[in-house]
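A closer look at the structure
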Amino acid sequence: MTDYSVFQNTTALYHTFGCKLNFAETSTVARTFAEAGIRRVQAGEVPDFIVINTCSVTEVADKKCRQAIRSFHRRYPGAAIVVTGCYAQLKADEIAAIDGVAVVAGTDKKDRLLKFIADWRQSRDTTLTEVTDFRKMREFTPSCSRGDRTRYFLKVQDGCDYFCTYCTIPFARGRSRSGTIEQLTAQAREVAEAGGKEIVITGVNIGDFGKTTGETFFDLVKELEKVEGIDRYRISSIEPNLLTDEIIDFVAASKHFAPHFHIPLQSGSDTVLKLMHRHYDTALFAHKIETIRRLIPDAFIGVDLITGVRGETEELFEESRRFVEGLDISQLHVFTYSERPGTQALKIEPVVPIPERHERCRRMLEVSERKLHDFYTRFQGTTRPVLFEQPRKGAPMHGFTDNYIRVEMPYRKEWVNTCRPVRLGDFNEAGDALIATEI
């Protein structure tokens, strides 16, 4: 049995890259560490451990992770660096070779990090590495935590069975698997008892929820709606072919599910979608957007897009841009394509030059900026409910409306973690939020 008393009076620093799912898992790790006596490092202190939860969605993400590891080692040469997440799962040996790294643990090993660190402390002569063999993995590790935010992140699903040609997530996360509705509603009730007001439903492919349990994502949202004490749920990224009309209908009538959708498109060209092995076409995607707008006119709709994938000619990019321009959406999250080892996309021609990939990304971001500005402008002068968060010292109070408009206003301590109706006014100086006033 591992002796965790060795961790008393030790400190840890946590750094997370990537998606909301990673933030949820990091928060759960920090909570587990705290229970073992490892407290979060305070300003001015030197950490004993540094936990880095990595992302590997692009080569840029890998590079940022490597840079962070080296930077932390230079800054805190005596700290043991623990690396987990998707990059650790995919390239454990590469990470283990970096100076300062003590433990490399795969994506499904976060609940065992304490044991790994304890084992490493006994030897200290080699990096401890353990990743997951996803060919045998069928277990689901639940995660729900807040971290430093007001919002809680509830992990309901992990892994993906889609194997899109550009993506390494199935290799990093394994096959689709999920918890049960009973488990997850119990966690939601714990959040309510702890005073949490908002839960973001996260996973790798959340619409695939229940594939291993015989339940459905629609079943889950209906049961979460019944949990007393939660003001809001947000549905994070959900595949358009899995966002059923009945889910949209439910959100439209719901008292607790926010009018907020995040839907990956990836390309507005049917030719490119086929090259990507996506599970829908532009007609289906347009139908989902039209259905949301008809039933929930005020909804925020965020859309993921990749530019410069192999096979995307200039003509196909323009086709994608025109399609996106015509969508009544609120914001684009644009990624520049990068080659990922082991993916089928490497067999596709032609290859888009890297400078052209970035130029296409810039052009799509211009579209996004216009759409987001227009969406915010539409709600100036209206009243919306805002869940206020704890601001950083010296910063104005901020929060998000139900339809995900970021707002700012002067600090009111008693408003932190409360949902208040406010009037939305002009843009702030940075142009990334609306200034709110009390009504």
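1. Details of the overall build of the protein chain
Within the protein chain, the secondary structure is distributed over 13 helices and 20 strands. Its C-alpha atoms give the protein chain a radius of gyration of 22 Å, within 12% of the compact-globule value 22 Å for 439 residues. Along the first, second and third principal axes, the C-alpha set of the protein chain runs to 60 × 60 × 45 Å. The buried share of the protein chain, taken over its 439 residues, is 55%.

2. Side note on empty space enclosed by the protein
As enumerated under the stated definition, the model contains one cavity of 30 Å³ or more in all. By volume, the largest cavity is sized at about 50 Å³. Residue lining of the largest cavity: Thr165, Tyr166, Leu275, Met276, Val309, Arg310, Ala345 and Ile348, and that is the complete set.

3. Considering helix α7 (residues 181–193)
Its 13 residues give α7 an end-to-end C-alpha distance of 18 Å, which sits within 8% of 18 Å, the value for a rise of 1.5 Å per residue. Among the residues of α7, those classed as buried are Ile181, Leu184, Thr185, Gln187, Ala188, Val191 and Ala192. Along the axis of α7, the buried positions cluster into a sector of 155°, meaning they face one direction only. Seen from the buried face of α7, the exposed residues on the opposite side, beyond 90 degrees, are Glu182, Glu190 and Glu193. Contacts from the buried residues of α7 go to β7 (143–145), β8 (152–155), β11 (198–202), α8 (217–224) and β12 (232–235). Of the residues one or two after α7, Gly195 is the one with positive phi, at around 95°.

4. Points about the environment of Arg406
Tracing the backbone shows Arg406 in strand β18 (residues 406–409). Those residues in contact with Arg406 that lie beyond four places of it in its chain are Tyr376, His398, Gly399, Phe400, Asp432, Ala433 and Leu434.

5. Some thoughts on the sheet that holds strand β1 (residues 10–16)
Two strands in a sheet stick together by hydrogen bonds in their backbones, pointing the same way (parallel) or opposite ways (antiparallel). Spatially, the six strands line up as an open sheet ordered β2-β1-β3-β4-β5-β6, and their pairing is parallel. Looking at which strands have only one partner, the edges of the open sheet turn out to be β2 (38–40) and β6 (128–130). Ignoring strand direction, the axes of neighbouring strands in this sheet form an average angle of 25°. The pairing of β1 with β2 spans three bridges and is classified as parallel. Paired with Ala12 across the two strands is Arg40, which belongs to β2.

Procedures and definitions
- Residues numbered from 1 in each chain as written.
- Predicted model: local features only at pLDDT ≥ 70, side-chain atom pairs only at ≥ 80, totals over all residues.
- Heavy atoms only, no water.
- Helix = DSSP H or I, 4+ residues; strand = E, 2+ residues; numbered from the N terminus.
- Rg over C-alpha atoms; globule rule 2.2 N^0.38 Å.
- Buried < 20%, exposed > 50% of the residue type's maximum accessible area, 1.4 Å probe, protein only.
- 1 Å grid on protein atoms, 1.4 Å probe; cavity = no way out; pocket = protein on both sides within 12 Å on 5 of 7 lines; lining within 4 Å.
- Points joined across faces, edges and corners; volume = space filled by probe spheres on them.
- Expected span 1.5 Å × (residues − 1).
- Arc of directions from axis to C-beta.
- Contact = heavy atoms within 4.5 Å.
- Pairing = 2+ DSSP bridges.
- Axes fitted to C-alpha atoms, helices over the stretch in contact; angles between N-to-C directions.

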